Amino acid sequence: MGKIIALANQKGGVGKTTTTINLAASLATLEKSVLVIDADPQANASSGLGVDIKEVDCSLYECIIDHADIKDAIYTTDIEGLDIVPSHIDLVGAEIEMLKLSGREKVMSNLLAPIRDDYDYILIDCSPSLGLITVNALTAADSVVIPVQCEYFALEGISKLLNTIKIIKSKLNPKLEIEGFLLTMYDSRLRLARQIYDEVKRHFQELVFKAVIQRNVKLSESPSHGLPVILYDADSTGAKNHLNLAKEIIEKNKN
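Residues numbered from 1 in each chain as written. Predicted model: local features only at pLDDT ≥ 70, side-chain atom pairs only at ≥ 80, totals over all residues. Heavy atoms only, no water.

1. Here we look at the pattern of salt bridges
- Inspection of the entire model under this criterion finds six salt bridges.
- Among the ionic pairs, aspartate 142 bridges to lysine 175, the shortest N-O distance being 3.9 Å. With a gap of 33 residues between them, aspartate 142 in the loop between helix 6 (132-140) and strand 6 (143-149) and lysine 175 in the loop between helix 7 (158-171) and strand 7 (177-184) connect regions that are remote in the sequence.
- The exposure class of aspartate 142 is buried, given its relative accessible area of 13%. (Salt bridge = Lys/Arg side-chain N within 4 Å of Asp/Glu carboxyl O. Helix = DSSP H or I, 4+ residues; strand = E, 2+ residues; numbered from the N terminus. Buried < 20%, exposed > 50% of the residue type's maximum accessible area, 1.4 Å probe, protein only.)

Here you go:
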């Protein structure tokens with residue numbers, strides 16, 4: 001049975017999409033079958049994995065609102081074993097349209113149920129908000145990876161997300177766990193980055209991944225080529241960081 005992992009943080013620019021794309025590619029490189037669900041209307045995970053949004057006939061939006069079959073929305077990527085359900089800008093309006101649905105928090109959960117066994121991992125890239133689509137992602141997920149940027153305001157807003165997770169766990173999805181906190185954009189030369197790392201570690205202890213994602217030029221360049229960094233430059237720091245993260249997640253889920 002596949003594991004569903006949401007990548008969430010309502011703070012923008014913390015590296016959610018970058019992590020989703022590159023973690024997915026790394027897991028696929030390690031011979032796991034992976035599906036990315038792009039649940040962000042900006043559709044950056046879709047374009048970052050080489051999907052031309054203009055060519056997409058069936059996206060997550062059609063599945064949620066028009067009850068399209070999710071299998072019709074699955075697109076392959078350049079990496080063997082890595083598929084994606086792309087997003088669309090219309091997803092912005094989906095939250096309002098979903099308000100009239102009964103069981104609106106469980107739409108994504110019901111969508112993913114029939115394809116869950118087809119993949120080892122399903123990764124959901126959430127938008128930087130705690131709206132209904134993100135609530136859907138957290139209700140569908142087994143666990144959540146929380147990317148934390150090594151910046152001054154890093155821990156701001158995390159308490160809000162943790163509170164949302166707590167509410168979802170008590171009311172909608174009792175099996176939801178925190179997979180881990182992931183430090184992103186880490187620059188070991190900066191004292192502040194080391195302080196943030198120590199502070200997150202102190203707060204959340206063994207819930208913090210050993211792997212950190214360092215600031216890396218190749219990691220920033222690769223999405224503009226529609227490629228995960230492992231295909232763009234396999235020897236780069238960014239590629240190695242994400243491989244380490246993938247190995248850590250695989251190891252953690254063996255038990």
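Moving on from the model shown.
2. Some thoughts on the packing of helix 4 (residues 91-98) against helix 6
- At their nearest, the axes of helix 4 and helix 6 sit 9 Å apart, and the two run at 80 degrees to each other. Relative to helix 6, the element helix 4 is oriented roughly perpendicular. Only Leu132, Ile133 and Asn136 of helix 6 make contact with helix 4, whose side of the interface consists of Leu91, Ala94, Glu95 and Met98. (Axes fitted to C-alpha atoms, helices over the stretch in contact; angles between N-to-C directions. Parallel < 35°, antiparallel > 145°, perpendicular 65-115°, else oblique. Contact = heavy atoms within 4.5 Å.)

3. Concerning helix 1 (residues 16-29)
- With 14 residues, helix 1 extends 20 Å between its outermost C-alpha atoms, agreeing within 8% with the 20 Å of an ideal straight helix rising 1.5 Å per residue.
- A large share of helix 1 lies buried, amounting to twelve of its 14 residues.
- Those residues of helix 1 lying buried are Lys16, Thr17, Thr19, Thr20, Ile21, Asn22, Leu23, Ala24, Ala25, Ser26, Leu27 and Ala28.
- Downstream of helix 1 by one or two residues, glutamate 31 has phi in the positive range, about 65 degrees. (Expected span 1.5 Å × (residues − 1).)

4. Some remarks on the pairing of strand 1 (residues 3-7)
- Counting buried positions over the five residues of strand 1 gives five, a clear majority of the element.
- Residue alternation in strand 1 divides its side chains into two sets, Lys3, Ile5 and Leu7 and Ile4 and Ala6, and both sets are buried.
- Pairing geometry for strand 1 and strand 5 (residues 121-126), over five bridges, is parallel. Pairing of isoleucine 4 across the sheet is with isoleucine 122, part of strand 5.
- Pairing analysis gives three bridges linking strand 1 to strand 6, with the strands arranged parallel. Across the sheet, the residue bridging to alanine 6 is valine 144, located in strand 6. (Pairing = 2+ DSSP bridges.)

5. Quick look at empty space enclosed by the protein
- All told, the structure shown has one cavity of 30 Å³ or more when counted by the stated rule.
- Taken as a whole, the largest cavity holds about 40 Å³ of empty space.
- Leu49, Thr77, Asp78, Ile79, Leu82, Gly226, Leu227, Pro228 and Leu231 together form the lining of the largest cavity.
- By residue class, the composition of the lining of the largest cavity is six nonpolar, two polar and one charged. (1 Å grid on protein atoms, 1.4 Å probe; cavity = no way out; pocket = protein on both sides within 12 Å on 5 of 7 lines; lining within 4 Å. Points joined across faces, edges and corners; volume = space filled by probe spheres on them. Nonpolar A, V, L, I, M, F, W, Y, C, P; charged D, E, K, R; others polar.)

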